[in-house]
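Close look at the chain arrangement
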Amino acid sequence: MATPDYQQSPFVQAYPETSEFWAAAAEGKFLLKSCKACAKAHWYPRVVCPLCGSDDTHWIETSGRGTIYSYSVLERADPSYVLVYVRLDDGPILISNLLKAQPDAIQIGAAVQARLMPVEDGRSMPFFELAD
Ligand SMILES: [Zn+2]
């Protein structure tokens with residue numbers, strides 16, 4: 001079965017101001033919106049900076065490196081998985097899944113790296129793995 005075109009996703013169509021994010025994600029690049037007025041990046045991408053209210057925002061590519069701010073192992077799910085809050089080195093905190101990690105190896109403050117991976121509707125989303 002072919003992967004659906006991310007541009008047909010209702011999430012992508014509903015928020016055209018995020019189209020640059022999805023296009024970059026499809027190529028494995030992780031973009032953030034950053035604000036020229038307050039010089040801070042934010043998540044999720046918005047036209048108006050949520051930190052200072054300026055509309056002078058632009059796209060930056062993040063390395064995707066960060067550290068675990070908090071996490072939860074969902075052991076009762078089948079299969080179990082790990083929800084993780086990551087503080088990116090570029091500033092914002094976002095929620096995602098931590099992949100391939102043994103629960104005993106996870107610690108708050110541990111270094112992680114984002115990977116853009118496709119989900120069911122064709123979009124690519126940032127997931128995280130423990131960094132080497
Ligand atoms: Zn700002």
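Below or above, wherever it landed, is the structure these notes cover. (Residues numbered from 1 in each chain as written. Predicted model: local features only at pLDDT ≥ 70, side-chain atom pairs only at ≥ 80, totals over all residues. Heavy atoms only, no water.)

To continue, consider the pattern of salt bridges. Inspection of the entire model under this criterion finds three salt bridges. Close ionic contact of arginine 115 with glutamate 129 constitutes a salt bridge, the shortest N to O distance being 2.6 Å. Here glutamate 129 lies in strand E8 (residues 124-130) and arginine 115 lies in strand E7 (residues 111-118), a separation of 14 residues in the sequence. With relative accessibility at 17%, the residue glutamate 129 sits in the buried group. Two residues, aspartate 121 and arginine 123, come together in a salt bridge whose shortest N-O distance is 2.8 Å. Classification of arginine 123 by relative accessible area gives buried; the value is 11%. Counted as one network, the salt bridges with shared partners bring together Lys100, Arg115 and Glu129. (Salt bridge = Lys/Arg side-chain N within 4 Å of Asp/Glu carboxyl O. Helix = DSSP H or I, 4+ residues; strand = E, 2+ residues; numbered from the N terminus. Buried < 20%, exposed > 50% of the residue type's maximum accessible area, 1.4 Å probe, protein only.)

Glancing now at the pairing of E7. Summarising the sheet, strand E4 (residues 65-74) and E7 pair through three bridges and their orientation is antiparallel. The residue of E7 that forms the bridge with glycine 66 is valine 112. Counted along the chain from E7 to the antiparallel partner E8, the turn is five residues long, and its residue glycine 122 has a positive phi close to 95°. (Pairing = 2+ DSSP bridges.)

Below, the discussion takes up the side chain of histidine 42. Within the secondary structure, histidine 42 sits in strand E2 (residues 41-42). Among the polar contacts made by the side chain of histidine 42, one reaches the main-chain amide nitrogen of arginine 46 at a distance of 3.4 Å. If sequence neighbours within four positions are ignored, histidine 42 has contacts with Leu32, Lys33, Cys49, Pro50, Leu51, Thr57 and Pro92. (Polar contact = N/O pair within 3.5 Å; in protein donor to acceptor, adjacent residues only side chain to side chain. Contact = heavy atoms within 4.5 Å.)

Counting through the fold element by element, glutamine 107 comes out in the loop between strand E6 (93-99) and E7. Note on glutamine 107: relative accessible area 55%, which makes it exposed. Along the primary structure glutamine 107 and serine 70 are separated by 37 residues, whereas in three dimensions their C-alpha atoms are 8.4 Å apart. Apart from the residues within four sequence positions on either side, glutamine 107 is in contact with Ile68 and Tyr71.

Take it as geometry only, folks, not as evidence of what the structure does.
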